[in-house]
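Structure assessment
Listed below, chain by chain, are the residues.
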Amino acid sequence: MELIKYEKKINDVIIKCPIEAGVEILVYNVLDEIIDSNKFALVDINRIWKNKDQRLTTPAGIADIAVLSNDFVFGTDKGKVYGFVEIKATNTYLTETEQVEGQKCSVRHYIYTNGLVWKYYKDQKLQWEKYLDKEQHKAKTIAQEVLIDQNSYDELIIAINEIRWDDQYRI
């Protein structure tokens, strides 16, 4: 996704309807352009009930998005879970909550974002953190447009591209 489109969409969420679902759609679209659909399935799982598929259930519930093997079949033991993505609203600080800790421990790859800050964990250890807002805000607590830094955005896209989702899965 081009920077101009990302900036417009994140500002639409911030100004018009500052809720997590708006950020989730944007994050899904960004990842969908990056993650190779010939190798992986990117799936929105946030409405699945707990314990319907143990591979998608963590000690802290269900993440928002999963990166799965293409042969994954819900409710069976077929397929692999490579990673989870947890999304918060732009006005939410990305703190290490029980939810985050419980989700991180269930997969090798974990992304945590509010659309302005992106954190990537591998094996529960923070590998990188990207701040897209030119003013380096950790969360946008008021309805005020942001300017996304081109270099930071480019670094984010490169960093996501470098994630090797299938380099040994955990569950």
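Structure's up top.
In this report, the structure presented in the accompanying data block is examined. (Residues numbered from 1 in each chain as written. Predicted model: local features only at pLDDT ≥ 70, side-chain atom pairs only at ≥ 80, totals over all residues. Heavy atoms only, no water.)

**Topic: the nonpolar core**
Within the largest apolar cluster, 35 residues are counted, with the highest numbers of intra-cluster contacts made by Tyr6, Val30, Leu31, Trp118, Ile148 and Tyr153. When residues of this core are traced back to their parent elements, those giving at least two are helix H1 (3–16), helix H2 (20–34), strand S1 (40–44), strand S2 (65–69), strand S3 (81–87), strand S5 (117–122) and helix H4 (150–161). In terms of residue count, H2 provides more of this core than any other element does, 6 residues in total. Contacts of Ile148, omitting those with residues within four sequence positions, involve Leu3, Tyr6, Glu7, Ile10, Leu116, Leu132, Asp133, Lys134 and Tyr153. Counting residues in each nonpolar core, the second largest holds 17 residues, with Ile45, Ala66, Leu94 and Val107 among its members. (Core = buried A, V, L, I, M, F, W, Y, C linked by side-chain atoms within 4.5 Å. Buried < 20%, exposed > 50% of the residue type's maximum accessible area, 1.4 Å probe, protein only. Helix = DSSP H or I, 4+ residues; strand = E, 2+ residues; numbered from the N terminus. Contact = heavy atoms within 4.5 Å.)

**Thoughts on the packing of H2 against H4**
Packing of H2 against H4 brings their axes to within 10 Å, and their N-to-C directions diverge by 60°. As the angle between them shows, H2 and H4 are arranged oblique. Helix-helix and strand crossings are classified by hand; for H2 and H4 the assignment is right-handed. On H4, the residues touching Val30, Leu31 and Ile34 of H2 are Tyr153, Ile157, Ile160 and Asn161. In terms of residue class, the contact of H2 with H4 is built from 6 nonpolar, 1 polar and no charged. (Axes fitted to C-alpha atoms, helices over the stretch in contact; angles between N-to-C directions. Parallel < 35°, antiparallel > 145°, perpendicular 65-115°, else oblique. Left-handed = near helix turned anticlockwise from the far one by under 90°. Nonpolar A, V, L, I, M, F, W, Y, C, P; charged D, E, K, R; others polar.)

**Let's talk about the sheet that holds strand S4 (residues 109–113)**
Spatial strand order, S1-S2-S3-S4-S5-S6: 6 strands in an open sheet with mixed pairing. Where the open sheet ends on each side, the last strands, each with one partner, are S1 and strand S6 (125–131). The average undirected angle you get between the axes of adjacent strands in this sheet is 15°. For S3 and S4, the ladder comprises 5 bridges, and the chain directions are parallel. Among the inter-strand pairings, Ile87 is bridged to a residue of S4, identified as Thr113. Contacting S5 and S6, H4 crosses the sheet at an angle of about 150° to S6. (Pairing = 2+ DSSP bridges.)

**As for the pattern of salt bridges**
Taken as a whole, this structure holds 11 salt bridges when the rule is applied. As a salt-bridge pair, Glu86 and Lys88 come within 3.1 Å of each other at their nearest N and O atoms. For Lys88, a relative accessible area of 14% gives the class buried. A salt bridge links Lys119 to Glu129; the shortest N-O distance between them is 3.8 Å. Of this pair, Lys119 sits in strand S5 while Glu129 sits in strand S6, and the two are 10 residues apart along the sequence. (Salt bridge = Lys/Arg side-chain N within 4 Å of Asp/Glu carboxyl O.)

**A look at H1**
Here H1 spans 19 Å end to end across 14 residues, near enough to the 20 Å set by a 1.5 Å rise per residue. For H1, the set of buried residues is Leu3, Tyr6, Glu7, Ile10, Asn11, Asp12, Val13 and Ile14. Buried-residue contacts for H1 involve H2, S5 and H4. (Expected span 1.5 Å × (residues − 1).)

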